[in-house]
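# Notes for the structure review
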Amino acid sequence: GNRSSHRSHHRACNNNHTCHYCHDRRNNGTCHHNTQHNSDDGPCNDHKIKHIGVSNYGVKHLQELLSMCRIRPVVNQVELHPFCQQRDIVEFCEKEGIIIEAYSPLVRAKRLDDPTLVKIAQKHNKNVAQILVRWSVQKGYVSLPKSDHAERIEGNADIYMTSSWMMLICMT
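So, here's what we can say about the structure. Computed from a predicted model, the values in this text were never measured in an experiment.

Analysis parameters
Residues numbered from 1 in each chain as written. Predicted model: local features only at pLDDT ≥ 70, side-chain atom pairs only at ≥ 80, totals over all residues. Heavy atoms only, no water. Salt bridge = Lys/Arg side-chain N within 4 Å of Asp/Glu carboxyl O. Helix = DSSP H or I, 4+ residues; strand = E, 2+ residues; numbered from the N terminus. Buried < 20%, exposed > 50% of the residue type's maximum accessible area, 1.4 Å probe, protein only. Axes fitted to C-alpha atoms, helices over the stretch in contact; angles between N-to-C directions. Parallel < 35°, antiparallel > 145°, perpendicular 65-115°, else oblique. Contact = heavy atoms within 4.5 Å. Nonpolar A, V, L, I, M, F, W, Y, C, P; charged D, E, K, R; others polar. Patch = residues over 30% accessible without salt bridge, like charges linked within 9 Å, V, L, I, M, F, W, Y side chains within 5 Å. Areas by Shrake-Rupley, 256 points an atom, 1.4 Å probe, with all protein chains shown as cover. Core = buried A, V, L, I, M, F, W, Y, C linked by side-chain atoms within 4.5 Å. 1 Å grid on protein atoms, 1.4 Å probe; cavity = no way out; pocket = protein on both sides within 12 Å on 5 of 7 lines; lining within 4 Å. Points joined across faces, edges and corners; volume = space filled by probe spheres on them. Polar contact = N/O pair within 3.5 Å; in protein donor to acceptor, adjacent residues only side chain to side chain.

The next subject is the pattern of salt bridges. Where charged atoms from two side chains of opposite charge come close, those side chains can pair. According to the stated counting rule, one finds 3 salt bridges in the structure shown. A salt bridge links Arg-72 to Glu-96; its shortest N-O distance comes to 2.9 Å. With Arg-72 in the loop between α3 (59-68) and β3 (73-79) and Glu-96 in helix α4 (residues 87-96), this residue pair connects regions lying 24 residues apart in the sequence. Ionic pairing is found between Lys-146 and Asp-148, a salt bridge with its closest N-O pair at 3.8 Å. Grouping residues by exposure puts Lys-146 and Asp-148 together as exposed.

Right under this line is the structure:
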């Protein structure tokens, strides 16, 4: 059952007692099914899992989980960007000390031509993707932009300073 699949996950972590477990609410029905990892017969019971994270948990689901869990989630991964701010979830997680991981901060590249974002990017000599990543980081989220292209990955990291300033800092 589920317990054996969770144990397989532990073995993959070499039983080093720093194993992390993340659960996406979209994969199973209700929150009751999703809290099995924290139940008496779940993998958290053998004290090998030290941290858990959840994905796509709304306020109601987080409240339910927190009311019955022994190991509190340390992170909730949700879609966040200026066009999907999910303020209720963010506020709840901040109040509960749960880290927010923002996936799809680049809006799946569907808003890279947004006039407001383009104007901001031009003003700061950045591209729109950099503005979106900066927005996410500035809000205090762990930003998870996706790219398979090295130059885009480097660009996504260049959200504060020009490359020449970064080189000067690295040389000192």
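Moving on: unusual backbone geometry. The phi angle at Ser-104 is positive, at roughly 60°, despite the residue not being glycine. Looking at the element boundaries, Ser-104 is found in the loop between β4 (99-103) and α5 (115-123). The phi angle at Arg-108 is positive, at roughly 55°, despite the residue not being glycine. Examined against the element boundaries, Arg-108 turns out to sit in the loop between β4 and α5.

As a further point, take the packing of α5 against helix α6 (residues 128-138). Pairs of packed helices are described in terms of their axes, by the angle between the two and the distance that separates them. Where α5 contacts α6, the axes come no closer than 8 Å and their chain directions differ by 95°. The orientation of α5 relative to α6 falls into the category roughly perpendicular. Every residue of α6 that contacts α5 at Leu-117, Val-118, Ile-120 and Ala-121 is listed here: Val-128, Ile-131 and Leu-132. Looking at the contact of α5 with α6 residue by residue, the class counts come to 7 nonpolar, no polar and no charged.

Right, let's get into the environment of Ile-52. Positionally, Ile-52 belongs in strand β2 (residues 49-55). Note on Ile-52: relative accessible area 1%, which makes it buried.

The grouping of Ile-99, Val-142 and Leu-144 at the surface amounts to a nonpolar patch, some 210 Å² of accessible area in total. Looking at the secondary structure, you find Leu-144 in strand β5 (residues 142-144).

Let us now look at the nonpolar core. Leu-62, Leu-80, Cys-93, Ile-100 and Tyr-141 are the most contacted members of the largest nonpolar core, which totals 17 residues. Every element with two or more residues in this core is listed here: α3, α4 and β4. With 10 residues, the next largest nonpolar core counts Leu-117, Ala-129, Leu-132 and Val-133 among its residues.

This part takes up the layout of surface pockets. Roughly 350 Å³ of internal volume is contained in the largest pocket. In terms of lining residues, the largest pocket is bounded by 18 residues, among which Leu-106, Ala-109, Lys-146, Ser-147 and Arg-152 are the most central. With 4 residues, the single largest contributor to the lining of the largest pocket is helix α7 (residues 150-157). The class makeup of the residues in the lining of the largest pocket is 7 nonpolar, 6 polar and 5 charged.

In this section: the side chain of Asn-56. Among the secondary structure elements, Asn-56 is positioned in the loop between β2 and α3. Overall, the relative accessible area of 16% leaves Asn-56 in the buried class. Side chain to side chain, Asn-56 and Tyr-103 meet in a polar contact 2.7 Å long.

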